[in-house]
Amino acid sequence: MSGEPHLSGPRSRPVSDLGQDDSVLPFAVEELDVRGRVARLGASIDQILGRHSYPGAVARVLGEALALTVLLGSSLKIDGRFQLQTRSDGAVDMIVVDFDAPDRLRAFARFDAERLLDAPRADVLGRGHLAFTVDQGRDAARYQGVVALEGQGLEEAAHQYFRQSEQIPTRIRLAVAQIVTASGLGWRAGGLMLQFLPAGGERRRQVDLCPGEEPQHSIREAVPEDGAWVEAKALAATIEDHELVDPVLSSERLLYRLFHEPGVTVFAPQPVRDACRCSDDGVKTMLRGFSAEDRRDMVGDDGMIGVTCEFCSTFRAFDPKEFGE
Ligand SMILES: [Zn+2]
């Protein structure tokens, strides 16, 4: 064994310093029964945020939403779709982020520029809700989860969602920054997700078999958290925001910094790209859904129906004759 930093697991090898922008790196810390993913977004979110010229505060919150979406959506099956959506009463009153497995990402935010000037920097969303919709393809049911937004931010809202929905114990970290690159200022985002997945057995049963007439939530609170999970969360809490967005700190190096003591195994990185799902046919189908009268109202001075995609800003013009008018 050399003194070089190594990743553990069956394919143990030295830590790579190669940048892995616009990708998600799945990993496991077997010793702590933890699995997770690191997302590092560079050009993909710089293009998405830059295309709309969002003010900084909007770009920041949408960047967090993009990182969160990539962390949650990148585990879907090949034809799965994941959508994050917020509706709230703040200066940014709507965010929509779509992840189409395996790699397509698109997003937009709706905001009130005037209200943004007075909005508290830490809370541009205000009160409302955050919803996650999972569509695993043709044969699977659609699933939606919702959590209240009350000024706590997306990271904390995600934690509340996982607590409420009684899913796997989960920890999430998100960071967004605009940094100087060779070609000017560029947006970057990073995220880390940790999930506690003890292999069957004792640690889970302990909670389920707890006797008594108490309501379930107080039983759960009475069972102390597993030591491995407490340790994993403490390690994740040491990540600094700047580490998550640092373009010269590779995801592997970041994971090694956090988990070199218990040992960390990484799996194949999954690429992510800025790509919308809109199409000429899709927009035509949407327009056919309107009444002839509504379509007449859409005709512009040039005699055409113009439609701009909210996500990717692609402009398309259609001749009303295409709809038999
Ligand atoms: Zn589009």
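Residues numbered from 1 in each chain as written. Predicted model: local features only at pLDDT ≥ 70, side-chain atom pairs only at ≥ 80, totals over all residues. Heavy atoms only, no water.

Engineer: So what exactly am I meant to see when it comes to empty space enclosed by the protein here?
Structural biologist: One way to see where empty space is left: roll a probe the size of a water molecule over the atoms. Counting across every chain of the model gives 1 cavity of 30 Å³ or more. Of the voids in this model, the largest cavity is the one considered here, and its volume is about 40 Å³. Classifying every residue of the lining of the largest cavity gives 2 nonpolar, 4 polar and 4 charged. (1 Å grid on protein atoms, 1.4 Å probe; cavity = no way out; pocket = protein on both sides within 12 Å on 5 of 7 lines; lining within 4 Å. Points joined across faces, edges and corners; volume = space filled by probe spheres on them. Nonpolar A, V, L, I, M, F, W, Y, C, P; charged D, E, K, R; others polar.)

Engineer: How do you make sense of the packing of helix H2 (residues 56-73) against helix H4 (residues 153-164) when you look at a structure like this?
Structural biologist: The relative placement of two packed helices is expressed as an angle between their axes plus a distance between the axes. Running from amino to carboxyl end, H2 crosses H4 at an angle of 35°, the nearest separation of the two axes being 10 Å. Of the residues in H4, those touching H2 at Val61, Glu64, Ala65, Leu68 and Leu72 are Leu154, Ala158 and Phe162. Residue classes in the contact of H2 with H4 are distributed as 7 nonpolar, no polar and 1 charged. (Axes fitted to C-alpha atoms, helices over the stretch in contact; angles between N-to-C directions. Helix = DSSP H or I, 4+ residues; strand = E, 2+ residues; numbered from the N terminus. Contact = heavy atoms within 4.5 Å.)

Engineer: Is there a simple way to think about the coordination of the zinc ion in this case?
Structural biologist: Those donors, Cys276 (SG), Cys278 (SG), Cys309 (SG) and Cys312 (SG), are the protein atoms that reach the zinc ion, and they lie 2.2 to 2.3 Å from it. The site at the zinc ion holds 4 donor atoms, and with the angles between them running 102 to 117°, its shape is tetrahedral. Residue classification places Cys278 among the partly exposed residues on the basis of a relative accessible area of 23%. Relative accessible area serves as the criterion here: at 15%, Cys312 is assigned to the buried category. (Donors = N, O, S within 2.8 Å, 3.2 Å for Na, K, Ca; no water. Tetrahedral: all angles 85-135°; square planar, octahedral: opposite > 155°, others 65-115°. Buried < 20%, exposed > 50% of the residue type's maximum accessible area, 1.4 Å probe, protein only.)

Engineer: Could you clarify how one ought to interpret the sheet that holds strand E14 (residues 273-274) in this entry?
Structural biologist: Backbone hydrogen bonds are what pair the strands of a sheet, in a parallel or an antiparallel way. With mixed pairing, 6 strands are arranged side by side in an open sheet as E9-E8-E5-E6-E7-E14. With partners counted over all chains shown, the strands left at the sheet margins are strand E9 (142-150) and E14, one partner each. Alignment of strand E5 (residues 81-88) against strand E8 (residues 127-135), held across 8 bridges, turns out to be antiparallel. By the bridge assignment, Thr86 is partnered in E8 with Leu130. (Pairing = 2+ DSSP bridges.)

Engineer: Would you take a moment to explain the confidence of the model for the protein for this structure?
Structural biologist: Segments scoring low in pLDDT should not have their predicted coordinates read at a detailed level. Residues of the protein with pLDDT of at least 70 account for 90%, and the chain-wide mean is 88. Under a pLDDT of 50 for its full length, residues 204-214 has, in the predicted model, 9 contacts with residues more than four places off or in other chains. (pLDDT = per-residue confidence, 0-100.)

Engineer: Looking at this model, I keep getting lost on the environment of Leu105. Mind explaining?
Structural biologist: Inspection of the secondary structure puts Leu105 in strand E7 (residues 104-111). Sequence-wise, Leu105 and Leu192 are 87 residues apart; in three dimensions their C-alpha atoms are separated by 18 Å. Leu105 has contacts with Ile48, Leu66, Thr69, Val70, Val97, Asp98, Phe99, Val272, Arg273, Asp274 and Ala275, leaving out every residue within four places of it along the chain.

Engineer: I tried to follow H4 on my own but got confused; where do I start?
Structural biologist: Owing to its 3.6 residues per turn, the α-helix brings residues three or four apart onto one side. Compared with an ideal rise of 1.5 Å per residue, which puts 12 residues at 16 Å, H4 spans 16 Å between its outermost C-alpha atoms and is within 8% of the ideal. Among the residues making up H4, those that are buried are Leu154, Ala157, Ala158, His159, Tyr161 and Phe162. (Expected span 1.5 Å × (residues − 1).)

Engineer: Is there a simple way to explain the side chain of Asp274 in this structure?
Structural biologist: Note on placement: Asp274 falls in strand E14. Sequence-distant contacts of Asp274, that is, excluding residues within four places in its chain, are made with Ser44, Gln47, Ile48, Arg51 and Leu105.

Engineer: What is the right way to look at the packing of aromatic side chains in this model?
Structural biologist: One pair of aromatic rings is described through two measures. These are the centre distance and the angle between the planes. A full pass over the atoms with the stated rule returns 8 aromatic pairs. Pairing Phe132 with Tyr161 gives two aromatic rings, centres 4.9 Å apart and planes at 70°, and the pair type is edge-to-face. With Phe132 in strand E8 and Tyr161 in helix H4, this pair connects stretches of sequence that are 29 residues apart. Classification of Tyr161 by relative accessible area gives buried; the value is 6%. Through a chain of ring-to-ring contacts, three or more aromatic side chains come together here, namely Phe82, Phe132, Tyr161 and Phe162. Arg106 extends its terminal NZ or CZ atom over the ring of Phe311, reaching a point 3.7 Å from the ring centre. (Phe/Tyr/Trp six-rings, centres within 6.5 Å; stacked < 30°, edge-to-face > 60°. Lys NZ or Arg CZ within 6 Å of the ring centre and 35° of its normal.)

Engineer: Can you walk me through the layout of surface pockets in this structure?
Structural biologist: Estimates place the volume of the second largest pocket at around 340 Å³. Taken together, 15 residues form the lining of the second largest pocket, with Leu72, Ser75, Val134, Phe162 and Gln167 sitting closest to its centre. Where the lining of the second largest pocket is concerned, the elements lending two or more residues are E8, H4 and strand E11 (184-196). When the residues that make up the lining of the second largest pocket are grouped by side-chain class, the tally is 10 nonpolar, 4 polar and 1 charged.

Engineer: Help me understand the pattern of salt bridges in this model?
Structural biologist: Counted under the stated rule, the structure contains 20 salt bridges. Ionic pairing is found between Arg51 and Asp274, a salt bridge with its closest N-O pair at 2.6 Å. Here Arg51, found in helix H1 (residues 43-51), pairs with Asp274, found in strand E14; they are 223 residues apart in sequence, far enough to count as distant. Judged by its relative accessible area of 33%, Arg51 falls in the partly exposed class. One salt bridge in this structure joins Asp93 and Arg110, with 3.1 Å as the shortest N-O distance. Here Asp93, found in strand E6 (residues 92-100), pairs with Arg110, found in strand E7; they are 17 residues apart in sequence, far enough to count as distant. For Arg110, a relative accessible area of 40% gives the class partly exposed. If you follow the salt bridges from partner to partner, you end up with Arg81, Asp98, Asp100, Arg104, Arg106 and Arg277 in one network. (Salt bridge = Lys/Arg side-chain N within 4 Å of Asp/Glu carboxyl O.)

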